[in-house]
Protein chains: 4
Amino acid sequence: MNHYRILIDCSDEKGLVYKVSSIFFKHELNILSNNEFVDKENNKFFMRSVVAGDADASVLQAELKAVLPKDASLDIIAPAKKRIVLMATKESHALGDILIRYEAGELDAEIVAVISNYDLLEPLVRKFDIPYHTISHEGLGREEHEQKVLDLLSSFEPIDYIVLAKYMRILTPLFVESYDDRIINIHHSFLPAFIGANPYKQAFKRGVKIIGATAHFVNNNLDEGPIIAQDVIAVDHAYGWKELQRLGRDVEKIVLSRALKMALEDRIFVNANKTVIF
Amino acid sequence: MNHYRILIDCSDEKGLVYKVSSIFFKHELNILSNNEFVDKENNKFFMRSVVAGDADASVLQAELKAVLPKDASLDIIAPAKKRIVLMATKESHALGDILIRYEAGELDAEIVAVISNYDLLEPLVRKFDIPYHTISHEGLGREEHEQKVLDLLSSFEPIDYIVLAKYMRILTPLFVESYDDRIINIHHSFLPAFIGANPYKQAFKRGVKIIGATAHFVNNNLDEGPIIAQDVIAVDHAYGWKELQRLGRDVEKIVLSRALKMALEDRIFVNANKTVIF
Amino acid sequence: MNHYRILIDCSDEKGLVYKVSSIFFKHELNILSNNEFVDKENNKFFMRSVVAGDADASVLQAELKAVLPKDASLDIIAPAKKRIVLMATKESHALGDILIRYEAGELDAEIVAVISNYDLLEPLVRKFDIPYHTISHEGLGREEHEQKVLDLLSSFEPIDYIVLAKYMRILTPLFVESYDDRIINIHHSFLPAFIGANPYKQAFKRGVKIIGATAHFVNNNLDEGPIIAQDVIAVDHAYGWKELQRLGRDVEKIVLSRALKMALEDRIFVNANKTVIF
Amino acid sequence: MNHYRILIDCSDEKGLVYKVSSIFFKHELNILSNNEFVDKENNKFFMRSVVAGDADASVLQAELKAVLPKDASLDIIAPAKKRIVLMATKESHALGDILIRYEAGELDAEIVAVISNYDLLEPLVRKFDIPYHTISHEGLGREEHEQKVLDLLSSFEPIDYIVLAKYMRILTPLFVESYDDRIINIHHSFLPAFIGANPYKQAFKRGVKIIGATAHFVNNNLDEGPIIAQDVIAVDHAYGWKELQRLGRDVEKIVLSRALKMALEDRIFVNANKTVIF
């Protein structure tokens, strides 16, 4: 008995659900869950089905392709551990949250390595028997440093997702394009509020009554990639910016882990600069 | 061009989505939205489709019935104003919230009447040119009082929903069964916490740090009907029970109006003692 | 027995609590609640005490002034209905929420009038026997229109607060300065995200997973005045911008009414471009 | 320069703030923060001041005692690492969250040991160089098992707090009384909803739309001790009870860590069966 996640992303037209479900029916697939969404503004159709049955993936692939619009993106995924690389700088909360989940077997992933521009988090990561690579940026230009990271990453391929667990360096377009829609970042503000550096200081200065965090795919415009998950927490005038930061960390780590979970379960579609999540 | 909400609730079996969507396809219906859920524990299938096209409702009804399991409940609804009756006692916040939405044309409903066991809210309701009926419970037994309410209600039929906007009397099984899954109540606690009387006093006494409200269908067990919507708000030790009550009213009214909105849009399925909401 | 709210806002120095409380003690005042906050960054002290007793306000004023720093702002307020003017444009939700609370006696205020640049909301406001003034902006320059509003406002003095319940016109510095820290606005986004026009469209376009609303005092920089209250609500990809707007209205009205409540209870201090709220 | 947290809990009477602050003033203490609360229902006064200066704790203790009511509980605490013992059973999320914070230096505490009735979490705990003690309950009566735990605990004294990070056994009154108001538990529901076993199954069965977690001090009535912190998360019909459990874990761990933080900062007063938290 096979178990597949079937992801369809194509231009919308009448009969898509019928055509897809007729193939499921023909192969006597059991539909475990089924979600559809039509983006009317852009005439786009999104569908995620989880099915179980005896059909062969390549047969399904061929038959579905035949009935879907030409522009269809179709993925038939047999659930398996995804290979992920974590990147971090100095803070351990987001990274640690992922490590504890990993140790508990909660993540359907293999953490191939952790890469950092500092060696500060090495003792923590080593406890979990995960390779830790320090690639210091000191004395290097941005491209030079990134090239070293890219070289290291290429040695880990295939990589499904790169998770920036508070990696505090801006990535160049070259880097981002190499891992299009596969880099998940946690930004420590409720985007698009407080884009850029020191969002907690900005939030403190602005006197907001709620702070937040945003997990998003990274694209070429800093802090402007498709948003995956957001959450917030209430604060008041008595919080200094360091307390906002401390409180915000709890939101950051939960939001990042939530986004990672959705990515590992193949629940996220990127729709232009937005996400559709089932 | 017709516009239908098609609601299906039946035992689950393979091919349901295919069979239903093939009929939609045959009639060249445009699927505006489509939601499905399978309750695996109870082997139940729920589907809500919003479709547009030239097909006739009675034809669709017959063809869908023919392919669905024998136990299927099938509703094909052409969106129209629902007829609702509001019931209240003394507090105006939940009632007033509905009235303001009504006046703004936000509710796809006609408020046929407001019934209360007091005349306190009459001046407010009259402002909105809605009939107000006081049926005092004083000097009457519970059944006697209810019979008068039921008699009045029968004069308003057809009634789609009865909305208890802080109607502070317990309904008897006779009453409830007359309007099965059609009575929406707002309970002023985060059910199942603080069932029964004076939930804010109970919450104060217990020293909770969050209070809430619950909108639910009424069944024969007080405060135990299927939950439609819930929300909460943070509080602390400085709130007395009257302040909890005052704060809680904001949650109550929003939760009740949210539940009513979903009911008016035919988004709620009752699944044993729970709801499936699309 | 008198009942006072005593508000102190001054530069911080040692012994302030002692000096103030010694005067309370001398006059045998009963302290019903007491809150202090020190803004260390700006060396500012804020205190709000609610006291009851036989002391005379003018005596307290003199004695407190004598022990407080020279720069102290001191208010001794005997709670009384505040005089407020509401301003709105076309939407009724925020205005209606205030009207329902007003009718229920929940607000310690007298609504002197509602002013709008349209006559759309007149039928609603008239129901509550509140004067409604339409001052159309058509054919008028901004200053010209505002001058007419200012003239009308001056006829209502004294005014404690002007509440912009979705008044969709930008105010000039002249207007704002006339009512410094007394104009409360509701902005339909989680500021500082989506400053400016059509925040729901902006939010939809950005694909955020949470939307919000912000109540703030109005200052000369649009949407940049001191924030009083904020709240948010979760959304997803299935919401179009009109649905975001509809959902957001519930947040807007609750946040505005919450801010108004705090203003009426003299709980808000303006601290540069932020608020301290007890 | 000394730094103290001064905690006062006594029956309320006029002049308490004056009397306390006059002593602070006399000793030229700098008040860093100051919070008071009067529980009018029970005529109780609570005050927490953080002060800095040259005064000696024993002098302050004597002088404050002299002016406070006879029943006053007075604590003058020089902030220092608290000694805590963690107890857990099989789940690692709450324990792991504390360990990551501990490793990051975020907790002002020394984790003396972890005690469990299983050895499952030993590998995780050992990574952090913290002693792990398995005291299996198998083949032992409840009292017998607890006596072994109590014996071990007594070897760790002094202990400031025992943190039950998903310790899934009920404690007897003997145990609880030994560590009165010093045992912090995380209950996996929004108390008082779903007291007792398997709250996520109960929540699933009830069909709630929000689940939560509650951190509380343990007293003799199971799940009925003073509540310290609560939080919630929205769910819907599509979540099975295992998914509720998985989602709920994020709330549990954050709520427990938040409660622990407040305990370590001496911010919590127990007021009968409730808490006052500054």
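Residues numbered from 1 in each chain as written. Chains lettered and ligands numbered in written order. Predicted model: local features only at pLDDT ≥ 70, side-chain atom pairs only at ≥ 80, totals over all residues. Heavy atoms only, no water.

**Notes on the overall build of chain A**
Item 1. Within chain A, the secondary structure is distributed over eight helices and 13 strands.
Item 2. Over its C-alpha trace chain A gives a radius of gyration of 21 Å, about what one expects of a compact globule, namely 19 Å for 278 residues.
Item 3. Dimensions of chain A, computed from the C-alpha atoms along their principal axes, are close to 60 × 40 × 35 Å.
Item 4. Counted over contacts in chain A with a minimum sequence separation of 6, partners at least 24 positions apart contribute 66%.
Item 5. Total accessible area on chain A stands at roughly 10,700 Å², and carbon and sulfur atoms take up 49% of it.
Item 6. With 33 positive and 40 negative side-chain charges, chain A shows a spacing of 5 Å between the two charge centroids. (Helix = DSSP H or I, 4+ residues; strand = E, 2+ residues; numbered from the N terminus. Rg over C-alpha atoms; globule rule 2.2 N^0.38 Å. Contact = heavy atoms within 4.5 Å. Areas by Shrake-Rupley, 256 points an atom, 1.4 Å probe, with all protein chains shown as cover. Lys, Arg positive; Asp, Glu negative; His and termini not counted. Charge placed at Lys NZ, Arg CZ, Asp CG, Glu CD.)

**Some details on the interface of chain C and chain B**
Item 1. Across the boundary between the two partners, chain C contributes 19 residues, which contact 19 residues of chain B.
Item 2. Counting the surface lost from both chain C and chain B, the interface buries some 1,800 Å², and carbon and sulfur atoms represent 55% of this.
Item 3. Joining chain C to chain B, the criterion identifies six salt bridges.
Item 4. For the salt bridge of K253 of chain B with D97 of chain C, the shortest nitrogen-to-oxygen distance reads 2.4 Å.
Item 5. Our enumeration of links across chain C and chain B arrives at five residue pairs in polar contact (both at pLDDT 80 or more).
Item 6. Looking at the side of chain C that touches chain B, the elements that each hand over two or more residues are α3 (93–103), α4 (122–127) and α8 (241–264) of chain C.
Item 7. Of the residues belonging to the side of chain C that touches chain B, the class tally is six nonpolar, three polar and ten charged. (Buried area = accessible area lost by both parts, 1.4 Å probe. Salt bridge = Lys/Arg side-chain N within 4 Å of Asp/Glu carboxyl O. Polar contact = N/O pair within 3.5 Å; in protein donor to acceptor, adjacent residues only side chain to side chain. Nonpolar A, V, L, I, M, F, W, Y, C, P; charged D, E, K, R; others polar.)

**Overview of the interface of chain A and chain C**
Item 1. Facing 31 residues of chain A, the contacting portion of chain C comprises 31 residues.
Item 2. Regarding the contact of chain A and chain C, the summed buried area is about 2,500 Å², with carbon and sulfur atoms giving 63% of it.
Item 3. Linking chain A to chain C there are zero salt bridges.
Item 4. Connecting chain A to chain C are 13 residue pairs in polar contact (both at pLDDT 80 or more).
Item 5. Of all elements in the fold, only α7 (199–206), β11 (227–234) and β13 (274–277) of chain A reach the threshold of two or more residues within the side of chain A that touches chain C.
Item 6. Of the residues forming the side of chain A that touches chain C, the biggest block, six residues, is contributed by β11 of chain A.

**With respect to the relation of the copies chain C and chain B**
Item 1. Once chain C is rotated about the relating axis by 180° and shifted along it by 0.0 Å, it coincides with chain B to within an RMSD of 0.0 Å. Seen this way, the second copy is the image of the first under a two-fold rotation axis. For chain C, the smallest separation between a C-alpha atom and the rotation axis is recorded for K127 of chain C, amounting to 2.7 Å.
Item 2. Of all interface residues in chain C, 100% are interface residues in chain B too; the two copies therefore contact each other through one and the same surface. (Least-squares fit on C-alpha atoms with pLDDT ≥ 70 in both.)

**Some thoughts on the packing of helix α1 (residues 16–26) of chain B against helix α2 (residues 57–67) of chain B**
All names here are of chain B.
Item 1. In the contact formed by α1 and α2, the axes pass within 9 Å of each other and the chain directions differ by 150°. In terms of orientation, α1 and α2 fall into the roughly antiparallel class. Relative to α2, α1 is oriented so that their crossing is right-handed. Contact residues: α1 offers K19, V20, I23, F24 and K26, while α2 offers L60, E63, L64 and V67.
Item 2. For the contact of α1 with α2, a count of residues per class yields six nonpolar, no polar and three charged. (Axes fitted to C-alpha atoms, helices over the stretch in contact; angles between N-to-C directions. Parallel < 35°, antiparallel > 145°, perpendicular 65-115°, else oblique. Left-handed = near helix turned anticlockwise from the far one by under 90°.)

**Focus on the confidence of the model for chain A**
Item 1. For chain A, the average pLDDT comes to 96, and 100% of its residues sit at 70 or higher.
Item 2. Here the predicted complex scores 0.97 on pTM and 0.95 on ipTM. (pLDDT = per-residue confidence, 0-100.)

**Some words on the pattern of salt bridges**
A pair can form between side chains of opposite charge whenever their charged atoms are brought close.
Item 1. This model, assessed by the stated rule, comprises 76 salt bridges over all chains.
Item 2. In this structure, R267 of chain B and E265 of chain B form a salt bridge, with 2.5 Å as the shortest nitrogen-oxygen distance.
Item 3. R267 of chain B gets classed as partly exposed once you look at its relative accessible area, which sits at 23%.
Item 4. Among the ionic contacts, a cluster of salt bridges with common partners joins D97, R101 and E106 of chain A together with D250 and K253 of chain D. (Buried < 20%, exposed > 50% of the residue type's maximum accessible area, 1.4 Å probe, protein only.)

**Some thoughts on the relation of the copies chain A and chain C**
Item 1. Taken as rigid bodies, chain A and chain C are interconverted by a rotation of 180° and an axial shift of 0.0 Å, the fit giving an RMSD of 0.0 Å.
Item 2. With an isologous cut-off of 70% or more, the 100% of interface residues of chain A that recur at the interface of chain C puts this contact in the isologous class.

**What to know about the side chain of T214 of chain B**
Item 1. With respect to the helices, strands and loops of the structure, T214 of chain B is situated in strand β10 (residues 210–217).
Item 2. Those residues in contact with T214 of chain B that lie beyond four places of it in its chain are N185, I186, H187, S189, F190, L191, I227, A229, Q230 and V255 of chain B.

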